[in-house]
Amino acid sequence: DVDDGSGSMEESVNMARLAVDSGVDAIVATPHFRGIPVELEKISLIVNQGNRLVRELVRENIPLELYPGAEILCLPETPLLGARGALPTLGNTRYLLTEFYFDESGDTMDDILSRLAGQGYSPVVAHPERYRAVARDPRLVRRWFDRGYVLQLNKGSVGGAFGERAQRTALGMLRSGMAHLFA
């Protein structure tokens, strides 16, 4: 009941059972969060719903660790929240799952990621293969890789689920060894 994920507690519990049955023992929940000040109230919703699910997993005796997180839509205001320490990180670490509008400029993405890294966060860039700027200029993703940002591909991109451009970019990143994670 947070965004486009599970629609109910029952569905979340069933998803947890499926995960455990397939060998998963820990999950970082990453609902979407628009990185702007008016969205800060959503962080408490994310935390509260996560805590409710943890209690339900314990009650149902499902051995799954659930860690808090969010997929942060990076906007010009996002580094201001970062400077205040207000951004939800992955499992309360320094890792910050970031995303951008698909048509965002490379300069804007580069600037925001650099500012967040300068604040001590370790950016995890969600689905870079789907950004037009990366498809146009693969050197952008190379810079991010060289700076130590974690690059997370969508599994569907490799199989063509998000179009030929995303597939071509994802395969190029894999061939170049510039993918750290799959989602």
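Just so we're clear, the structure is a prediction, and the values are computed from it rather than from any experiment.

In this section: the overall build of the protein chain. The helix and strand tally for the protein chain stands at 8 helices and 8 strands. Over its C-alpha atoms the protein chain spans a radius of gyration of 17 Å, differing by no more than 12% from the 16 Å that the globule rule assigns to 183 residues. Principal-axis analysis of the C-alpha atoms gives the protein chain an extent of 50 × 40 × 25 Å. Considering the protein chain as a whole, with its 183 residues, one finds that 42% of them fall into the buried category. In the protein chain, the proportion of contacts linking residues at least 24 apart, taken out of those at least 6 apart, comes to 74%.

The next subject is the layout of surface pockets. Approximately 1300 Å³ is the volume found for the largest pocket. Lining of the largest pocket is provided by 45 residues; of these, I27, V28, A29, T30 and P31 occupy positions nearest its centre. If you list the elements that add at least two residues to the lining of the largest pocket, you get α1 (9–21), β1 (26–28), α2 (40–59), β3 (65–67), β6 (122–126) and β8 (181–182). The element contributing the most residues to the lining of the largest pocket is α2, with 9 residues.

Moving on, we come to the packing of helix α4 (residues 106–118) against helix α6 (residues 139–146). It is at 11 Å that the axes of α4 and α6 come closest, and there the two elements cross at 5°. In terms of orientation, α4 and α6 fall into the roughly parallel class. Contacts from G106, M109, D110 and L113 in α4 reach L140, R143 and W144 in α6. Here the residues of the contact of α4 with α6 are counted per class, giving 4 nonpolar, 1 polar and 2 charged.

Rules used throughout
Residues numbered from 1 in each chain as written. Predicted model: local features only at pLDDT ≥ 70, side-chain atom pairs only at ≥ 80, totals over all residues. Heavy atoms only, no water. Helix = DSSP H or I, 4+ residues; strand = E, 2+ residues; numbered from the N terminus. Rg over C-alpha atoms; globule rule 2.2 N^0.38 Å. Buried < 20%, exposed > 50% of the residue type's maximum accessible area, 1.4 Å probe, protein only. Contact = heavy atoms within 4.5 Å. 1 Å grid on protein atoms, 1.4 Å probe; cavity = no way out; pocket = protein on both sides within 12 Å on 5 of 7 lines; lining within 4 Å. Points joined across faces, edges and corners; volume = space filled by probe spheres on them. Axes fitted to C-alpha atoms, helices over the stretch in contact; angles between N-to-C directions. Parallel < 35°, antiparallel > 145°, perpendicular 65-115°, else oblique. Nonpolar A, V, L, I, M, F, W, Y, C, P; charged D, E, K, R; others polar.

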